[in-house]
Amino acid sequence: MSDQRAEEVDVVVIGLGPGGEEVAGRLADAGLTVVGVEQHLLGGECPYYGCVPSKMMVRAADLLAEARRVRGMAGEATVTADFAPVARRIRTEATDDWNDRVAVDRFEKRGGHFVRGRGVLDGPGRVRVGERAFTARRGVVIGTGTSPAVPPIPGLADVRYWTNRDAVKAERAPASLVVLGGGAVGLEMAQAFSRFGSRVTVIEEQQRVLAVEEPEVSAVLAAVFGAEGIDVRVGRKATRVAADGESIAVHTEDGTVVPGERLLVATGRRAGLTGIGLGTVGLEESASTIHTDERMRAGERLWAVGDVTGAGLFTHVAMYQAQIAIADILGRDGPPADYRALAWVTFTDPEVGRVGMSEAQARAARLRVRTGAAEVRQSSRGRIHGPGNAGLIKLVEDADRGVLVGATSVGPWGGEVLSMLTLAVHAGVPVRTLRTMHYAFPTFHRGMLDALAALGGEA
Ligand SMILES: Cc1cc2nc3c(=O)[nH]c(=O)nc-3n(C[C@H](O)[C@H](O)[C@H](O)COP(=O)(O)OP(=O)(O)OC[C@H]3O[C@@H](n4cnc5c(N)ncnc54)[C@H](O)[C@@H]3O)c2cc1C
């Protein structure tokens with residue numbers, strides 16, 4: 001397509017997930033001429049297939065678990081799990097067509113120009129979408145996100161399997177579910193379906209579930225899942241998948257066969273970079289992520305935000321990076337991208353909150369590391385809470401500087417307890433200060449004092 005027929009604009013954003021939508025909307029608010037290109041649904045993975053529907057399912061499943069904990073605490077409660085209400089809630093509140101229409105309308109009211117289609121780079125500052133071509137005076141932002149990665153396991157392509165996109169649209173809980181992958185997505189779904197009555201088996205290739213987290217976390221989750229009747233098999237590589245009548249059977253390296261009515265593949269994500277013309281802007285055509293500098297710049301008049309940067313596959317990372325790219329495009333000063341206190345939560349029950357480095361990462365970075373951990377059930381609030389109180393707070397200190405470089409909070413509302421830990425790591429609050437603060441009694445976050453005591457060092 002020649003430049004003569006290209007439409008001139010200020011910025012083209014390819015991919016309108018949380019990152020791209022934020023960039024496109026805010027730049028339109030600032031008065032720039034912005035074209036937002038989206039090939040599927042405006043909003044990306046999070047509202048339709050990711051965070052929102054999965055957490056609706058988790059919330060419903062957690063209610064069931066809490067109701068089942070009434071026994072021995074406050075009388076008797078008989079709960080009959082019914083998947084229909086949560087399926088209905090997801091159908092209505094994470095509705096594809098309706099939310100997409102609302103989001104397009106909102107973007108256009110802000111002055112943005114929405115184009116449905118697949119955006120392809122065509123040289124610096126140039127994008128093609130089907131027959132249309134755009135030249136972007138200020139530049140192009142890539143926010144094409146990720147989609148489920150499906151491993152090349154023999155037979156998998158020949159059976160009907162679920163990814164997260166199917167699992168969150170389920171109308172009923174299957175009688176049995178095999179989950180391939182014991183990462184965050186796999187574990188959240190495994191526990192939710194199990195609580196709704198599915199017989200669930202998790203197959204994880206690594207030696208422990210949630211392997212990016214501290215080993216103590218994997219141990220807590222393995223124990224909790226086991227106690228809930230979820231069959232967690234670690235260190236098992238799936239070698240073949242076959243149809244078994246209406247069901248499927250997963251064969252693992254050790255010769256066992258795991259049958260299930262449904263198979264959920266939750267083995268990671270693949271960036272949406274294939275065939276988008278990276279080579280035309282001087283990047284590696286087959287790159288699996290886009291390397292950016294601290295201003296989210298990826299090349300000449302080119303920025304990238306969100307999952308494609310590989311900095312952390314989370315909505316809040318995409319939104320954080322969006323602010324940095326926006327400031328840079330508008331020529332405004334602002335802090336550079338900083339991931340030292342990157343935080344995230346896995347919404348299992350107990351929740352797993354994590355910020356910054358794990359102990360192993362801190363040691364690999366050659367810091368003089370001191371750690372302290374305290375179990376939730378040993379704390380006053382943990383004892384009061386009773387059933388469902390598994391968890392811990394673990395702190396990772398750079399002992400030379402006397403500050404936390406990482407922390408983990410597992411437990412009821414572990415993701416909320418994380419907020420204080422994130423602040424401590426982000427702001428470099430001295431451990432000395434943390435030891436002398438007020439911690440309201442009897443809260444879960446007060447367990448921090450026990451973890452600080454276990455850290456040793458200065459009293
Ligand atoms: C089951 C699940 C649960 C999750 N839960 C959480 C959670 O609790 N908290 C959290 O922070 N994160 C969670 N995430 C992760 C979160 O959804 C992603 O990190 C986030 O959506 C990434 O945003 P993004 O802007 O990078 O891109 P995406 O949301 O992936 O969106 C990218 C968009 O680009 C479009 N696109 C791709 N290629 C093109 C092209 N060439 N042209 C035009 N459009 C294109 C796609 O159609 C898509 O709409 C979860 C993910 C999953 C799968």
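Look above for the structure.
Residues numbered from 1 in each chain as written. Predicted model: local features only at pLDDT ≥ 70, side-chain atom pairs only at ≥ 80, totals over all residues. Heavy atoms only, no water.

A.B. asks: Looking at this structure, how should I read the overall build of the chain?
C.D. replies: On a plain count of helices and strands, the chain comes out with 14 helices and 22 strands. For 459 residues, the compact-globule formula gives about 23 Å, and the C-alpha radius of gyration of the chain, at 24 Å, lands near that figure. Its C-alpha atoms put the chain at 75 × 60 × 40 Å along the principal axes. Out of the 459 residues belonging to the chain, those deemed buried represent 52%. Across the chain, contacts joining residues at least 24 apart in sequence account for 65% of those joining residues at least 6 apart. Accessible surface for the chain amounts to roughly 20,800 Å². Of this, 51% is attributable to carbon and sulfur atoms. Each charge class in the chain can be summarised by its mean position, and for the 53 positive and 56 negative side chains these summaries are 3 Å apart. (Helix = DSSP H or I, 4+ residues; strand = E, 2+ residues; numbered from the N terminus. Rg over C-alpha atoms; globule rule 2.2 N^0.38 Å. Buried < 20%, exposed > 50% of the residue type's maximum accessible area, 1.4 Å probe, protein only. Contact = heavy atoms within 4.5 Å. Areas by Shrake-Rupley, 256 points an atom, 1.4 Å probe, with all protein chains shown as cover. Lys, Arg positive; Asp, Glu negative; His and termini not counted. Charge placed at Lys NZ, Arg CZ, Asp CG, Glu CD.)

A.B. asks: How should the state of the cysteines be read in this particular structure?
C.D. replies: Working definition: the covalent bond between the sulfur atoms of two cysteines is a disulfide. Under the defined criterion, the tally for this structure stands at 1 disulfide. The disulfide partner of C46 is C51, and the gap between their sulfur atoms is 2.3 Å. Given an S-S torsion of about -135°, the disulfide between C46 and C51 has left-handed geometry. For C46, a relative accessible area of 13% translates into the label buried. Judged by relative accessible area, which is 28%, C51 ranks as partly exposed. (Disulfide = S-S within 2.5 Å.)

A.B. asks: Teacher, can you tell me more about the sheet that holds strand β13 (residues 257–260) here?
C.D. replies: In a beta sheet, neighbouring strands pair by backbone hydrogen bonds and run either parallel or antiparallel. Taken in spatial order, the 3 strands line up as β11-β12-β13 in an open sheet, and their pairing is antiparallel. Either end of the sheet is taken by a strand with one partner, and the two such strands are β11 (238–244) and β13. In this sheet, adjacent strand axes meet at a mean angle of 20° when their direction is disregarded. Alignment of strand β12 (residues 247–252) against β13, held across 4 bridges, turns out to be antiparallel. The residue of β13 that forms the bridge with I248 is G260. (Pairing = 2+ DSSP bridges. Axes fitted to C-alpha atoms, helices over the stretch in contact; angles between N-to-C directions.)

A.B. asks: Which parts of the structure should I look at to understand the nonpolar core?
C.D. replies: Considering soluble globular proteins, one finds that nonpolar side chains tend to be buried as a cluster. Ranked by internal contacts, the top residues of the largest apolar core, which has 39 residues, are M57, F83, F193, F196, V200, L221 and L264. Mapped onto this core, the elements with two or more residues apiece are α3 (51–68), α4 (84–93), β8 (176–180), α7 (184–195), β9 (199–204) and α8 (215–227). Look past the residues within four positions of F193 in its chain and what remains in contact with it is M57, F83, W162, A167, A170, R172, A173, P174, L177, S198 and V200. (Core = buried A, V, L, I, M, F, W, Y, C linked by side-chain atoms within 4.5 Å.)

A.B. asks: Is there a simple way to think about the packing of α3 against α7 in this case?
C.D. replies: Each pair of packed helices gets described by two things: the angle between the helix axes and the distance between those axes. Relative orientation of the contacting elements α3 and α7 amounts to 50°, with a least axis distance of 9 Å. Taken as axis vectors, α3 and α7 run oblique relative to one another. Between α3 and α7 the crossing geometry is left-handed. Across the interface between the two elements, S54, K55, M57, V58, A61, D62, L64, A65 and R68 from α3 touch E188, M189, A192, F193 and R195 from α7. Taken together, the residues of the contact of α3 with α7 sort by class into 8 nonpolar, 1 polar and 5 charged. (Parallel < 35°, antiparallel > 145°, perpendicular 65-115°, else oblique. Left-handed = near helix turned anticlockwise from the far one by under 90°. Nonpolar A, V, L, I, M, F, W, Y, C, P; charged D, E, K, R; others polar.)

A.B. asks: What's the story with the site of the ligand in this structure? I'm lost.
C.D. replies: Of all residues adjacent to the ligand, which total 38 residues, the nearest are E38, K55, G119, D307 and T315. Within the side chain of E38, an N or O atom sits 2.6 Å from an oxygen atom of the ligand. If the ligand stood free it would expose 1,000 Å²; the protein chains cover 92% of that surface. Contributions of two or more residues to the shell around the ligand are made by α1 (18–29), β2 (34–38), α2 (45–48), α3 and α9 (315–329). (Near = heavy atom within 4 Å. Polar contact = N/O pair within 3.5 Å; in protein donor to acceptor, adjacent residues only side chain to side chain.)

A.B. asks: Would you mind going over the packing of α3 against α4 with me for this structure?
C.D. replies: The N-to-C vectors of α3 and α4 enclose an angle of 155°; their axes lie 10 Å apart at closest approach. It follows from the interaxial angle that α3 and α4 lie roughly antiparallel. Judged by the sense of rotation from one axis to the other, the crossing of α3 with α4 is right-handed. Of α4, the residues touching α3 (which contributes P53, M56, M57 and A60) are V86, R89, I90 and E93. Split by residue class, the contact of α3 with α4 holds 6 nonpolar, no polar and 2 charged.

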